[in-house]
Amino acid sequence: MAYKYVFGPVMSGRLGRSLGLDLLGDRICSMDCVYCEVGATRDRTCERRVYVPAADILKELSLWKEEGLEPPDMITLGGLGEPCLNSEMENVILGAKRIFPGTPVAVLTNASLMTDPEVRRELCAADVVLPSLDALVEEEFARVNRPDEAVRPEAVAEGLLAFKKEFKGKIFLEILLAEGINDSDENLGRLKDFCQRLAPDRVDVVTLTRPGTVKGVRPVDGAVLSRWRLALGGGETRTGGRRGSNGKEMSLERMTAAVTASLSRRPQTAEQLAQALGADPDKVRQAVEALEKMGDVTRRDDRGKTFYHGTGHVLEE
């Protein structure tokens, strides 16, 4: 079957083979980051409500499990928008744990709603929270994240510090650098002080590796990345691993549906898709080529690699 809210699995450097849950169903977010993999934000807001009912998401997750495919290393709330905007987020986390007992649940968040005590309480139900904070210099924060007017970087930082005191799980902080946008020495100094206060379990300093939202936004070079990683104690060590397969193979129809769902949320190469789905590379190529012919998938060459993405991926000039 075709899934609306369950996608992947996707290979994650920090989480292993991660099965995604989309809590928004559209590009709804409190930010419109220049590097976002899913494309330009359609609705920028900080309003929490039931964008997608938890029951609908969990029904799909149960059906995915019933297919008997290789289980994921992690179930991750992410997708097209900011998962904390969904006011039924806690129900999704707890429901995922009931369906997949023993499988940890992670939440990807831009941390903008960490200022809300209720959001922090709900996130405490997760096992791993992966917040991002790309800048503490107001001007750089505005340029790289383009947030809703209610979001301020210092308030986000204080919200994260409050969450650290409440949360029993692991915090993996991510800082993404874009050349000439948020890579200043001032930003580095402020984030270094913040990381020492937060003391997360892991800091990942990264740069663009896939096409983002705004054309022309560039990754920082290796020297800059190394300097930031050294200063912040960050790295890009790959974690997690593949579990043994139960031997059940995807049909081409199921493969096509999985590829469509994955590419609508994250540009990937054919090789990345095959690895993430644990599938035959030839079948993945067949599915991608068929989708491209139908106009459901387009390709884009970026730094010597061919990335495929759903036609809903909006690119700004």
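Figured I'd write up the structure that's included with this text. Not measured: the values here are computed from a predicted model.

Opposite charge on two side chains allows them to pair when their charged atoms are near. Summed over the entire model, instances satisfying the criterion amount to 13 salt bridges. Residues Arg48 and Glu122 are paired through a salt bridge, measuring 2.8 Å at the closest nitrogen-oxygen approach. Of this pair, Arg48 sits in the loop between β4 (43-44) and α1 (54-66) while Glu122 sits in helix α3 (residues 117-123), and the two are 74 residues apart along the sequence.

Our focus in this paragraph is the nonpolar core. Nonpolar side chains in soluble globular proteins tend to be buried together. Leu21, Leu61 and Leu133 are the most contacted members of the largest nonpolar core, which totals 76 residues. In this structure Leu133 touches Phe141, Val156, Ala157, Leu160, Leu173, Glu174, Ile175, Leu191 and Phe194, once residues within four positions along its chain are discounted.

Along the polypeptide, Arg17 turns up in strand β2 (residues 16-22). For Arg17, which is buried and forms no salt bridge, the nearest opposite charge comes from Glu70, at a distance of 4.1 Å.

In contact at an axis separation of 9 Å, helix α6 (residues 185-198) and helix α7 (residues 222-232) are set at 30 degrees when each is read in the N-to-C sense. With respect to each other, α6 and α7 are oriented roughly parallel. When the axes of α6 and α7 are compared, the crossing they make is right-handed. Residues Asp185, Asn187, Leu188, Leu191, Lys192 and Cys195 of α6 touch α7, and the partners they reach there are Arg227, Trp228, Ala231 and Leu232. Looking at side-chain class alone, the contact of α6 with α7 contains six nonpolar, one polar and three charged residues.

Further remarks concern the sheet that holds strand β8 (residues 170-177). Note on sheets: strands pair through backbone hydrogen bonds, and any given pair is parallel or antiparallel. The sheet built from seven strands is open, its strands ordered β1-β2-β5-β6-β7-β8-β9 with mixed pairing. Looking at which strands have only one partner, the edges of the open sheet turn out to be β1 (6-12) and β9 (202-207). Within the sheet, the average angular offset between the axes of one strand and its neighbour, ignoring direction, is 25 degrees. Lying over the sheet, α1 contacts β1, β2 and β5 (74-78), oriented at roughly 70 degrees with respect to β1. Packing against the sheet, helix α9 (residues 270-277) makes contact with β1 and β2, and its axis sits at approximately 105 degrees to β1.

Rules behind the numbers
Residues numbered from 1 in each chain as written. Predicted model: local features only at pLDDT ≥ 70, side-chain atom pairs only at ≥ 80, totals over all residues. Heavy atoms only, no water. Salt bridge = Lys/Arg side-chain N within 4 Å of Asp/Glu carboxyl O. Helix = DSSP H or I, 4+ residues; strand = E, 2+ residues; numbered from the N terminus. Core = buried A, V, L, I, M, F, W, Y, C linked by side-chain atoms within 4.5 Å. Buried < 20%, exposed > 50% of the residue type's maximum accessible area, 1.4 Å probe, protein only. Contact = heavy atoms within 4.5 Å. Lys, Arg positive; Asp, Glu negative; His and termini not counted. Axes fitted to C-alpha atoms, helices over the stretch in contact; angles between N-to-C directions. Parallel < 35°, antiparallel > 145°, perpendicular 65-115°, else oblique. Left-handed = near helix turned anticlockwise from the far one by under 90°. Nonpolar A, V, L, I, M, F, W, Y, C, P; charged D, E, K, R; others polar. Pairing = 2+ DSSP bridges.

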